[in-house]
Amino acid sequence: MSTAYCDLRCLRGHFLYLYLGLLLLLIPGEAYEKLSEDTLKALPRPSQDFDIHTGALFSPILQPRVPGTPGHTAVLEHFATFFRTTLPEWQIDFQNSTSKTPVSHGKDVPFVNFIAYRDPPGTAKGDVGRLTLVAHYDSKLEPEGFIGAIDSAAPCAMIMHAMRSIDSALDKKWAAMEAEGMDLLDEHHGIQVLFLDGEEAFKEWTSTDSLYGARSLAEHWETQMNPAMSTFKTPLSSISLFVLLDLLGAKSPNIQSYYPTTHWAYQSLGALEKRLRSLGHLKSTSTDPWFIDTSKDSHQVMAFGGIQDDHLPFLARGVEILHLIDFAPFKGFPSVWHTADDDAEHLDMDTVKDWSVLMTAFAAEWMELDGFLDHGDKVRREEDLDESEAIRLNKKTEL
Ligand SMILES: [Zn+2]
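The rules behind the values
- Residues numbered from 1 in each chain as written.
- Predicted model: local features only at pLDDT ≥ 70, side-chain atom pairs only at ≥ 80, totals over all residues.
- Heavy atoms only, no water.
- Pairing = 2+ DSSP bridges.
- Helix = DSSP H or I, 4+ residues; strand = E, 2+ residues; numbered from the N terminus.
- Axes fitted to C-alpha atoms, helices over the stretch in contact; angles between N-to-C directions.
- Buried < 20%, exposed > 50% of the residue type's maximum accessible area, 1.4 Å probe, protein only.
- pLDDT = per-residue confidence, 0-100.
- Contact = heavy atoms within 4.5 Å.
- Donors = N, O, S within 2.8 Å, 3.2 Å for Na, K, Ca; no water.
- Tetrahedral: all angles 85-135°; square planar, octahedral: opposite > 155°, others 65-115°.
- Phe/Tyr/Trp six-rings, centres within 6.5 Å; stacked < 30°, edge-to-face > 60°.
- Lys NZ or Arg CZ within 6 Å of the ring centre and 35° of its normal.
- Parallel < 35°, antiparallel > 145°, perpendicular 65-115°, else oblique.
- Left-handed = near helix turned anticlockwise from the far one by under 90°.
- Nonpolar A, V, L, I, M, F, W, Y, C, P; charged D, E, K, R; others polar.
- Salt bridge = Lys/Arg side-chain N within 4 Å of Asp/Glu carboxyl O.

As summarised here, the arrangement of the six strands in space is β1-β2-β4-β3-β5-β6, forming an open sheet in which the pairing is mixed. Lying at the two open borders of the sheet, with one neighbouring strand each, are β1 (91-100) and β6 (321-325). With direction set aside, neighbouring strand axes in the sheet form an average angle of 20 degrees. Bridge count between β1 and strand β2 (residues 108-118): ten bridges; the pairing is antiparallel. When the bridges of β2 are listed, I92 appears paired with A116.

Our next topic: the pairing of strand β5 (residues 239-246). In terms of burial, β5 is a largely internal element, eight of the eight residues being buried. Where β5 lies against β6, five bridges are found, and the strand directions are parallel. Bridge assignment links V243 to a residue of β6, and that residue is L322.

Let us look at the confidence of the model for the chain. Chain-level pLDDT for the chain is 88 on average; 84% of the residues reach the 70-or-more range. Per-residue pLDDT stays below 50 along residues 1-29; that stretch engages in seven contacts with residues further than four places along the chain or on separate chains. Counting interchain partners and residues more than four positions distant, the pLDDT-below-50 stretch residues 376-399 has 35 contacts.

What follows covers the coordination of the zinc ion. Ligation of the zinc ion by protein atoms is provided by D151 (OD), E200 (OE), E200 (OE) and H338 (NE2), these donors lying 2.0 to 2.7 Å from the ion. Coordination at the zinc ion comes from four donor atoms whose angles at the metal span 53 to 134 degrees, giving a geometry best classed as irregular. For the zinc ion, the donor residues sit on a single chain with the sequence spacing D-x48-E-x137-H. Remark: E200 occurs in the loop between β4 (189-196) and α5 (212-223) and D151 occurs in helix α4 (residues 149-179); sequence separation between them is 49 residues. Under the relative-accessibility criterion, E200 is labelled buried at 3%.

This part covers the packing of aromatic side chains. For the coordinates displayed, the defined rule picks out 24 aromatic pairs. Consider the rings of F83 and F114, whose centres lie 5.4 Å apart with planes at 45 degrees: the pair is tilted. Here the residue F83 occupies a position in helix α3 (residues 70-86), and F114 occupies one in strand β2, the gap between them amounting to 31 residues. A single burial state applies to F83 and to F114, both of which are buried. Between F202 and Y212 the ring centres are 5.6 Å apart and the planes differ by 70 degrees, which places this aromatic pair in the edge-to-face class. On the criterion of sequence distance, the pair formed by F202 in the loop between β4 and α5 and Y212 in helix α5 is long-range, its members being ten residues apart. An aromatic cluster is present here, built from F79, F82, F83, W90, F94, F114, Y137 and F195 joined pairwise through their rings. A cation over an aromatic ring shows up here: R130 above the ring of Y117, its NZ or CZ 4.1 Å from the ring centre.

Relative orientation of the contacting elements helix α6 (residues 263-278) and helix α8 (residues 349-366) amounts to 125 degrees, with a least axis distance of 10 Å. As judged from the angle between their axes, α6 and α8 are oblique. Considering only the axes of α6 and α8, their crossing is right-handed. Listed contacts from α8 to W264, A265, S268, L269, L272, E273, R275 and L276 of α6 are V357, L358, M359, A361, F362, E365 and W366. Of the residues in the contact of α6 with α8, the class split is eleven nonpolar, one polar and three charged.

Time to look at the environment of S152. Counting through the fold element by element, S152 comes out in helix α4. Taking the C-alpha atoms as reference points, S152 and F195, 43 residues apart in sequence, are found 9.7 Å from one another. Excluding residues within four positions of it along the chain, S152 makes contact with R65, A135, H136, L245, D246 and L247.

Next up on the list: the pattern of salt bridges. Applying the stated criterion across every chain, the model contains twelve salt bridges. As a salt-bridge pair, R118 and D167 come within 3.0 Å of each other at their nearest N and O atoms. With a gap of 49 residues between them, R118 in strand β2 and D167 in helix α4 connect regions that are remote in the sequence. The class for R118 is buried, based on a relative accessible area of 7%. Here R118 makes a salt bridge to D171, at a shortest N to O gap of 2.5 Å. Taken together, the residues R118 in strand β2 and D171 in helix α4 connect sequence positions 53 residues apart. Its relative accessible area of 31% is what places D171 among the partly exposed residues.

Moving on, we get to unusual backbone geometry. As a rule of thumb, non-glycine residues mostly have phi less than zero, and peptide bonds are mostly trans rather than cis. The step from E142 to P143 runs through a cis peptide bond, and the omega angle for that step is -5 degrees. In this chain, D151 is followed by S152 through a cis amide linkage whose omega measures -5 degrees. We note that H105 has phi near 50 degrees; this positive angle belongs to a residue other than glycine. With respect to the secondary-structure elements, H105 resides in the loop between β1 and β2. Residue classification places H105 among the exposed positions, given a relative accessible area of 77%.

What follows is the structure in structure tokens.
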């Protein structure tokens, strides 16, 4: 068929494409905008408050936090304090459940999922799809005194750093849109953090002795309805992408891609790692790229359900998942996994900080923040922070 001539049937075809095109424009989808080189170079790295002994952000998480114990309550309180003081525009929620465990002697153990989210101003709750960053904050009962630094204290801290690093850029972006008279309802992008409870088994991993918090939240959010006529029917369908971070903080991680439908997002992280490394903004030394499947196309990615983790109850309900976990065939999980050595001292702090920068970059690209991020963000650079102020900030979150 020539392009110069078109009969009626062909015209109908054109209208159909036009209609489908318009329809696609109206459906809120994932937008994603690459950050410029200048923006990437200026992304803040964590500094003193990631110190494993005294750091106001990180050190309070590095303690045993078995559900139902004082350490667990203290860490939950630390998250709430952080969001209330550093990110006051965020909404905070707690989702509670109880369950017996194989070691609770018939008693109910409380589980509390921590939820924080931020939507564009003036938008109705059910009309916003949220990039959702997830880690579990409970720690394993055994071995005694287990810290769980990579599992998953460090992933929680990485997410906290990423959120504070983009927060004022969200203010600026949404204010600029309002100033231009743009309808923020068209901006369907919000952002959400889930710190899930009860991921670890108390005795031995089974379908009932594990994922206590994730199972409860997925079930709750599937049945809780958003207001009538909402774009998204349930809080579960409001999750545009569920990014689960687990077992991160050891040197030279191997991150596989597990799901064809989110492989594009995995590849975006791989591209960011490469760009940040070439700009010298990642400090860890790594001979191989972290994202080992970046060159695969989505058809080569196997939907692999082999790793049991907090994403499973969400995956089973159709949520799009990106699972960032350090695991590779023949190597397995990091060597400290579920041993007494998974403590603060065994972390590779350059890697922990690099992950924090990488997740900042990914969230910023997802939220399309290029041009709104700058050096004067809420994260102070090491050189800007004098010692007395560092001490004051540390004291502020002492628990
Ligand atoms: Zn674990």
